[in-house]
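What follows is each chain in one-letter form.
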Amino acid sequence: MKELKNLQLINPVTLSLLMLLVMFGTECGFETKAVDAVSSAEELKIKLAIANPGDTIRLANGEWKDAELVIKAQGTAEAPIVVMAETAGGVQLTGASNLKLAGEYVVVSGLHFTNGYTPTAEVVSFKIKKDDLANNCRITETLVDNYSNPERHESDYWVGMYGKNNRFDHNALVGKGNKGVTMAVRLNSEESLENGHLIDHNYFGPRENLGANGGETLRIGTSHYSLSFSNTQVINNYFDRCDGEHEIISNKSCGNLFKGNVFDECVGTLTFRHGNENTAESNAFFGNGKPHTGGIRVINEKQKVINNYGYGLTGHRFRGALVVMNGVPNSPINRYHPVKDSEINNNTFINCDYVQLCAGSDAERSAIPQTTSISNNIFWNESKDDVFTVYDDISGISFDGNILSPNIQSLGAGFEAVKSQIVETEKGIYGLMDENITAGITADFSVVSKEATGPSWYTKPSNSKTFGYGRTIAVEAGTDLFDVMKNAKAGDVYTLAAGEYLLEKKVPLNVPVTVQSSEGAVLKFEKSNLFVIENGGALKMEGLVIDGAECPDYAGNAVVSTSRYSMNRNYKLFINNCEFRDLDVNHSFNILKVYKNTFADSVLIENSKFSDVSGTILELNQESDDIGIYNAEFVILNNNSFKNIGKEIVNLHRGGSDESTFGPLLFIDHCSFEKVGYGPKNKGGKAFTLHGVQKTLISNSIFDDIKTFDIFHTVGEPITKITDCNIDQSKLMISDKTATLSNLKLAKNANGSDGEKLGSSL
């Protein structure tokens, strides 16, 4: 009867094929593989219709293009129905493929999503329809690899969990480049509440900085359901360089457990954003000095942070090693409920830079933590005294038995400075040499290894370099660089001999390359751009002379441009020891021009000269919707000279009030600026435009005859420091009084406060 009932769900054409297969398959000479290893979504549907508990259906190895797999079956706890790749990892789902799973006690194993993106809202979904969910099902040994929508800010999930008591284990989710959380546990129906899901032994691979909200790696719940219990367990997973935004994990529900997970050089924090009665226990956060790496952020009630380990975490404000937030009185469900009745005990923080208490305190977030304990923790950092930052009244926090390195400034009672040394265990964990100290993590603390996570058949990505690891290709003067570079491979280095190179075509770059010369090769070009960084590309320029004498007499040229289209992968632009000259054939000739929906994780210019440029050096202002999106994370200018620049040196924009991102960050040191901003088309009359930049550090530089330097602070707690510079302070137009200005002089070519020569050495 079960078989007949299932047959009623199949369309007539499929039913006819199924009956022929059942009645005449053997006589007609069908090979065993056609039955045992199905090779299409339609064949899979046929097999599932007659599957019984304990059956295994194998998917044939090979490429399954545009395959939308719908798997629904009824197994039992003792005899689940298994749908698996013929060989683990051998089924490649490409193009517009996805997987929808529903039913009871079904196991899916060994799939590989690559070279495409989902046509729906999710790549892998534990539901077929809103009311057709998976329960007691499992997905394992599966990889989703760079399966990203090409539109950077088109949102989707890679995994959506619904129903109850499902398991997602030994999978890998690597390289999501578009907006949307990598994995979400959804609580949007009664059937998905108190779900008891288990997420374990997965490898969450590198995710680049999205430069916007929506880059979380894992989210459990949403603000709307945040006071409901999910009861999800996240155990023994490996988060590797998950940098999408400052909430690596965004907990937005109650009753969840995060235990035994590793966060390896992840930018951001495990955040108890909404919901109560959650526990973070025995997790390890390895920052290793990487910028913005964080630990745990505590918001809401009855949270437990116990026996966790942090090492080399550098993040501050909302990204500290430990952050206890202020809340909003009578908070709406989508804002910040105050911290109450919470425990932060027996954790160890070694060489971590910031512990933030009452973080986010402002006119709205005025409710201080209450009845919360911070006890028996170790805070050890011999190179930083001011580890603790207190933003508001901490009288509602009790402190007891906490251990400090002798140099750290104590918060008073409940802290003891001890003389000891840190030692590394065989497990790679640092602790104090004194065995009598009982604070901190337990002696048997251990974490899951990277090798124990993810699919057994999958080789995890290494920490590879961006530039200089490929072929070295010598190029003679006069050679057409377009022809030479059209088959570039990632990491290639093109070494140009002395002489002149005239390019008739733009050089598109879809892999990272280096173009260099030790003999001052001169590059001229006849198109509007010399190089165009396409999706996946990056560029390092070294020892080159860029001359604009042959450029077209049109407005809006640029030496380097990004793609005009959305890029879901970040790029780098490094310029060293180069000269840019005579880029003024028409107005608005830029060095770098970017487009909307592109993002540089770093732009570095050093030891270079720029003269007679009619436009902007770095135009990074195309995300003008003011919703927290921006075009570049790190912008660094070091030891450069700029003379006769028509528009701004840097136009860097981040608008809106969203607090989910880190940047932009601008660093200028030992640079000289002379006659900047006087171009006829510079309507704003500005030499610099910095809008919403989160950190601006300018030092040891000379600003001689420049237009206004405009700095507008927006969200967060932006840091602006201008020190040891020669500048007319009347040129500084700063929106508030938070900037630090020190040792600023008018005298040209004066020395800094320590006698150091200012400006560029070029």
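Turning our attention to the sheet that holds strand 60 (residues 618-620). As a general point, the strands of a sheet are linked pairwise by backbone hydrogen bonds and lie either parallel or antiparallel. With respect to topology, 9 strands assemble into an open sheet ordered 48-51-54-57-60-63-66-69-71, the strand pairing being parallel. Either end of the sheet is taken by a strand with one partner, and the two such strands are strand 48 (507-509) and strand 71 (732-734). Recorded for the sheet is a direction-independent mean angle of 15° between the axes of neighbouring strands. Sheet analysis places strand 51 (residues 529-533) next to strand 54 (residues 558-562), joined by 4 bridges and oriented parallel. Bridging from a neighbouring strand, Phe 531 pairs with Val 560 of strand 54.

Under the defined criterion, the tally for this structure stands at 28 aromatic pairs. Ring geometry for Phe 399 against Phe 415: centres 5.2 Å apart, planes inclined by 40°, an arrangement best described as tilted. With Phe 399 in strand 40 (residues 397-400) and Phe 415 in strand 42 (residues 415-417), the pair connects residues that are 16 residues apart, well separated along the chain. Centre to centre, the rings of Phe 467 and Phe 574 are 5.3 Å apart; their planes meet at 55°, and the pair counts as tilted. Linking Phe 467 in the loop between strand 44 (430-432) and strand 45 (472-475) with Phe 574 in strand 55 (residues 571-576), this pair joins segments that are 107 residues apart in sequence. A relative accessible area of 11% places Phe 467 in the buried class. A relative accessible area of 22% means that Phe 574 is categorised as partly exposed. Put simply, the rings of Phe 580, Phe 610, Phe 642, Phe 673, Phe 688, Phe 703 and Phe 709 pair up and form one aromatic cluster. If you follow Lys 460 out to its NZ or CZ, it ends over the ring of Tyr 203, 5.5 Å from the centre. In this arrangement the basic side chain of Lys 675 is found over the ring face of Tyr 678, its NZ or CZ atom lying 4.6 Å from the centre.

Tracing the backbone through its elements, the reader meets Asn 149 in the loop between strand 14 (143-145) and strand 15 (157-161). A polar side-chain atom of Asn 149 sits 2.8 Å from the main-chain amide nitrogen of Glu 151. If we ignore the near neighbours within four places in the chain, the residues touching Asn 149 are Tyr 117, Glu 154, Asp 156, Asn 178 and Asn 568.

All told, the structure shown has 25 salt bridges when counted by the stated rule. For the salt bridge of Glu 247 with Arg 273, the shortest nitrogen-to-oxygen distance reads 4.0 Å. In this pair, Glu 247 sits in strand 24 (residues 247-252) while Arg 273 sits in strand 27 (residues 268-274), placing the two residues 26 residues apart along the sequence. Take Glu 247 and Arg 273: they sit in the same class, and that class is buried. For the salt bridge of Arg 317 with Glu 659, the shortest nitrogen-to-oxygen distance reads 2.9 Å. In this pair, Arg 317 is assigned in the loop between strand 32 (309-311) and strand 33 (322-325) and Glu 659 in the loop between strand 63 (650-653) and strand 64 (665-669), connecting sequence segments 342 residues apart.

Time to look at the confidence of the model for the chain. Model confidence for the chain is summarised by a mean pLDDT of 92, while 94% of its residues fall at 70 or above. Low pLDDT (under 50) marks residues 1-35, which in the prediction has 26 contacts with non-local residues, meaning those over four places away or in another chain.

As a further point, take the environment of Phe 667. Looking at the secondary structure, you find Phe 667 in strand 64. A relative accessible area of 24% means that Phe 667 is categorised as partly exposed. In sequence terms Phe 667 and Lys 721 are 54 residues apart; their C-alpha atoms lie 9.8 Å from each other. With near-sequence residues (within four places) excluded, Phe 667 lies in contact with Phe 634, Val 635, Ile 636, Leu 637, Lys 695 and Leu 697.

This part takes up a negative patch on the surface. A grouping of Asp 131, Glu 190, Glu 191 and Glu 194 is seen on the molecular surface, where their side chains present a negatively charged patch. Looking at the secondary structure, you find Asp 131 in the loop between strand 11 (127-129) and strand 12 (132-135). Taking relative accessible area as the criterion, Asp 131 reaches 70% and is therefore assigned exposed.

Okay, the state of the cysteines next. Covalent bonding between the sulfur atoms of two cysteines is what defines a disulfide. Under the defined criterion, the tally for this structure stands at 0 disulfides. Counting only cysteine sulfurs, Cys 671 is the nearest neighbor of Cys 578, a cysteine outside any disulfide, at a range of 14 Å. When its relative accessible area of 3% is taken as the criterion, Cys 578 is described as buried.

Okay, unusual backbone geometry next. Gly 663 connects to Pro 664 through a cis peptide bond whose omega is 5°. Tracing the chain through its elements places Pro 664 in the loop between strand 63 and strand 64. A positive phi angle is found at Glu 194, which is not glycine, with a value near 45°. Relative to the helices and strands, Glu 194 resides in the loop between strand 18 (183-185) and strand 19 (198-200). On the basis of relative accessibility, which here comes to 54%, the residue Glu 194 falls in the exposed class. Even without being glycine, Ser 588 reaches a positive phi, approximately 65°.

About the thresholds
Residues numbered from 1 in each chain as written. Predicted model: local features only at pLDDT ≥ 70, side-chain atom pairs only at ≥ 80, totals over all residues. Heavy atoms only, no water. Pairing = 2+ DSSP bridges. Helix = DSSP H or I, 4+ residues; strand = E, 2+ residues; numbered from the N terminus. Axes fitted to C-alpha atoms, helices over the stretch in contact; angles between N-to-C directions. Phe/Tyr/Trp six-rings, centres within 6.5 Å; stacked < 30°, edge-to-face > 60°. Buried < 20%, exposed > 50% of the residue type's maximum accessible area, 1.4 Å probe, protein only. Lys NZ or Arg CZ within 6 Å of the ring centre and 35° of its normal. Polar contact = N/O pair within 3.5 Å; in protein donor to acceptor, adjacent residues only side chain to side chain. Contact = heavy atoms within 4.5 Å. Salt bridge = Lys/Arg side-chain N within 4 Å of Asp/Glu carboxyl O. pLDDT = per-residue confidence, 0-100. Patch = residues over 30% accessible without salt bridge, like charges linked within 9 Å, V, L, I, M, F, W, Y side chains within 5 Å. Areas by Shrake-Rupley, 256 points an atom, 1.4 Å probe, with all protein chains shown as cover. Lys, Arg positive; Asp, Glu negative; His and termini not counted. Charge placed at Lys NZ, Arg CZ, Asp CG, Glu CD. Disulfide = S-S within 2.5 Å.

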